[in-house]
Amino acid sequence: MLGDPVVFWILRLLLFAVLFFCGKSISKSSDKSFMSYLWIAIIFFALIEGLRWMRGTDYENYLNHFTLGVSEKSEPLYNLFISSIHSLGINPTIVFVFLSGFLLYGLGLNFKNLKAAALWGLPLIYLMLGYQAENLVRQYFAISFLGLAYYNYYKDRYLWMLGCLAVAPLIHVSGILGSFFFLLFSWKKILLYHNWFLIS
């Protein structure tokens, strides 16, 4: 059953406005107030994206994974994740909310180091990834860890960076490609400290 398109677009516009406000505030914020604005963005993003019901091509497929605790996928950490959800009796809706919030957390945390990029970077994350993230749930779960790898790279926490890069392919095999290019760029020191690399 389709929802009300008016409500759909109101929520879309509201989320964009909140992310723009938070991005603008972060670009002018101190380190002390950074997390306050990021958490506002995460909460709105997690609720509006995560509380979608049957929206997205693969929603029902992932709903079954989270409900039954099994999947046809081969990635071990993803299968451990869904089996743990099933064993703990966690409602699948909570999982969708968590994964949406975790995506913005993993990517958005980087704006602490590159605040000037947040003004357009935070709303662009939504415009560029929002629709795809609703469908490619597992891929964007892995991307969350690539975002955390970038944050740890910037902080010179290389063991944590490598750990995050190792986790991503174990959630979705495409993480191998992301991890490879991340290591290549970090080895060659290509653009990794540039604001526009973070946004892209």
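Residues numbered from 1 in each chain as written. Predicted model: local features only at pLDDT ≥ 70, side-chain atom pairs only at ≥ 80, totals over all residues. Heavy atoms only, no water.

This brings us to a nonpolar patch on the surface. A surface patch of nonpolar side chains, amounting to about 760 Å² of accessible area, comprises Val7, Leu11, Leu14, Trp39, Ile40, Ile43, Phe44, Leu47 and Leu51. For the nonpolar patch, the element with the most residues is helix α2 (residues 31-50), which contributes 5 residues. According to the relative accessible area criterion, Val7 is partly exposed, its value standing at 43%. (Patch = residues over 30% accessible without salt bridge, like charges linked within 9 Å, V, L, I, M, F, W, Y side chains within 5 Å. Areas by Shrake-Rupley, 256 points an atom, 1.4 Å probe, with all protein chains shown as cover. Salt bridge = Lys/Arg side-chain N within 4 Å of Asp/Glu carboxyl O. Helix = DSSP H or I, 4+ residues; strand = E, 2+ residues; numbered from the N terminus. Buried < 20%, exposed > 50% of the residue type's maximum accessible area, 1.4 Å probe, protein only.)

Attention now moves to the packing of α2 against helix α5 (residues 92-108). For the pair α2 and α5, interaxial distance at closest approach is 8 Å and the crossing angle is 145°. Once α2 is placed against α5, the crossing between them reads as right-handed. Residues Phe34, Met35, Leu38, Ala41, Ile42, Phe45, Ala46, Leu47, Glu49 and Gly50 of α2 form the contact with α5, whose own contacting residues are Thr93, Phe96, Val97, Ser100, Gly101, Leu103, Leu104, Tyr105 and Gly108. When its residues are assigned to classes, the contact of α2 with α5 shows 13 nonpolar, 5 polar and 1 charged. (Axes fitted to C-alpha atoms, helices over the stretch in contact; angles between N-to-C directions. Left-handed = near helix turned anticlockwise from the far one by under 90°. Contact = heavy atoms within 4.5 Å. Nonpolar A, V, L, I, M, F, W, Y, C, P; charged D, E, K, R; others polar.)

Turning next to the packing of aromatic side chains. For the structure on display, the rule yields 14 aromatic pairs. On the numbers, 6.4 Å between centres and 90° between planes, the contact of Tyr62 with Tyr78 is edge-to-face. You can see Tyr62 sitting in helix α3 (residues 59-68) and its partner Tyr78 sitting in helix α4 (residues 76-88), a full 16 residues away along the chain. Using a relative accessible area of 3% as the deciding quantity, one classes Tyr62 as buried. Ring geometry for Phe66 and Phe96: centres 5.1 Å apart, planes at 70°, overall edge-to-face. Placement of Phe66 in helix α3 and of Phe96 in helix α5 is noted, with a sequence separation of 30 residues between them. The same class applies to Phe66 as to Phe96, namely buried. Here Arg138 stacks its cationic end above the ring of Tyr78, 5.4 Å away from the centre of that ring. (Phe/Tyr/Trp six-rings, centres within 6.5 Å; stacked < 30°, edge-to-face > 60°. Lys NZ or Arg CZ within 6 Å of the ring centre and 35° of its normal.)

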